[in-house]
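Residues per chain are reported as follows:
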Amino acid sequence: MINEATLRYVLQHAYDDIRMLALRGCKDPQVDLTLALQQIQGRQTARRKLPTWAAIDGIVYPPHLNMEQCSSELTARYKREVAENLIVSGRRKFLDLTGGFGVDFSFMADVFDEAVYVERDPYLCELAAQNFTLLGKRNVSIICADATDYLKSVASVEETPFTLIFVDPARRDSHGARTYALADCTPDVTTMMDELLRRSCHVLLKLSPMLDWRKAVADLAPHHVQEVHIVAVDNECKELLLLLTRETSDTQQTEPCLICTDIHSRDGSRTVYRPSPSCPVDCDIVAVSSAQYLYEPNAAVMKAGCFRELAADFNTAQLAPNSHLFTSSAPVKDFPGRSFHITAIATMNKRDLRSTLGHLKTANISVRNFPLSAEKLRQRLKLADGGTDYIFATTLSNGDHIIMLCTKL
């Protein structure tokens, strides 16, 4: 796929600027410069997203769009753990119907006896064949086919041909524009659920984090959705995973288990929050004067929208119904997000602001349910970004706008 001259060029310029290399060109006619630049850019992206792959010479990388869309190693390892939890005795077989670059497949395949990679793009299949060999994947089969066509071709000679089927629908239309609705993605999993559940004990769907998870569950097979995973990396939502099971019963949970996970790329550690299944219908709204500590939920929890459960599970109160900021009079341990000590509270009155914030030169500013953006508020307060002080601006239940000066716990 890559000749020796092109590979040497890639290794020689592995850390160089792509734009400068393109402008400079290459005098060696044996070097495929377009392919070389693609590989250099792919390696540079892989160092950030796929360090295990980036450390192996010979891995072939797809065009930039495929690299940006593929899973990171952190989220692929997370999906492998989800798959591990499904393992039972007997022959374990895995099917990935939307193989793509093969990152998720390569990590999940490790926990199965057999793994089948299906991808309709012949070029990506060719990449997978070479890369899986370099990665030491010996239990895999590569099939170039359309996901829907292949699924229909699977003969149900066994009661359950697969332990797990994984589907990551493409979220771009034929013109390259982004799509988010399940029915607009390829393949359309809303029309495939019966076939998927007929051929596997479990189905794992990777969906856009832009989707409302409750609507996604309702649009699929609500009685079969067992778990909903909202996965963030460094407080940025990356994936919505739905785990479906074929088995249902009258005693099955009416709501899927919700799991909010924020993965910290620095060391791979995680903050995991599983909301309690039952909670009070209404949340307490605390008087701002009694608030001593402030809590900001992480991105996965915010996406989940489980604010009543959060308040009940951590014995906190919401500052206001639409602020999604929580407070307590005593520090709370292990809150899934950032925690602060409130040192002062001010109104938007100029004299009040000057008295409370006049000593500051820098601050980290966040706004929640507030009429000004963080940048506009920064300009009004005449503060530079950074430092150890944190300012939260929000609106109380009575409509008052307040500023809270905080230090991070």
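Structure first, text after, so check above.
### Some words on the nonpolar core
Okay, step 1: L97, L196, L205, V228, L242 and L244 are the most contacted members of the largest nonpolar core, which totals 50 residues.
Okay, step 2: Not counting chain neighbours up to four residues away, the residues in contact with L205 comprise V167, V189, L220, L240, L241, L242 and L244.
Okay, step 3: With 39 residues, the next largest nonpolar core counts F107, A115, L164 and I259 among its residues.

### A few points about the pattern of salt bridges
Okay, step 1: Using the criterion set out here, one finds 22 salt bridges in the structure.
Okay, step 2: D113 is the salt-bridge partner of R92, the closest N and O atoms lying 3.3 Å from each other. Of this pair, R92 sits in the loop between α6 (73-84) and β1 (93-96) while D113 sits in the loop between α7 (103-108) and β2 (114-119); the two residues are 21 residues apart in sequence, bridging distant segments of the chain.
Okay, step 3: Judged by its relative accessible area of 25%, R92 falls in the partly exposed class.
Okay, step 4: Between R199 and E195 there is a salt bridge, with its nearest N and O atoms 2.3 Å apart.

### Some points on a positive patch on the surface
Okay, step 1: Taken together, the side chains of K350, R351, R354, R380 and K382 define a basic patch exposed on the protein surface.
Okay, step 2: A total of 3 residues in the positive patch trace back to one element, the largest contributor, which is helix α14 (residues 350-357).
Okay, step 3: Within the fold, R351 resides in helix α14.
Okay, step 4: Residue classification places R351 among the exposed positions, given a relative accessible area of 65%.

What counts, and where the lines are drawn
Residues numbered from 1 in each chain as written. Predicted model: local features only at pLDDT ≥ 70, side-chain atom pairs only at ≥ 80, totals over all residues. Heavy atoms only, no water. Core = buried A, V, L, I, M, F, W, Y, C linked by side-chain atoms within 4.5 Å. Buried < 20%, exposed > 50% of the residue type's maximum accessible area, 1.4 Å probe, protein only. Contact = heavy atoms within 4.5 Å. Salt bridge = Lys/Arg side-chain N within 4 Å of Asp/Glu carboxyl O. Helix = DSSP H or I, 4+ residues; strand = E, 2+ residues; numbered from the N terminus. Patch = residues over 30% accessible without salt bridge, like charges linked within 9 Å, V, L, I, M, F, W, Y side chains within 5 Å. Areas by Shrake-Rupley, 256 points an atom, 1.4 Å probe, with all protein chains shown as cover. Lys, Arg positive; Asp, Glu negative; His and termini not counted. Charge placed at Lys NZ, Arg CZ, Asp CG, Glu CD.

Coordinates in, geometry out; function isn't part of it.
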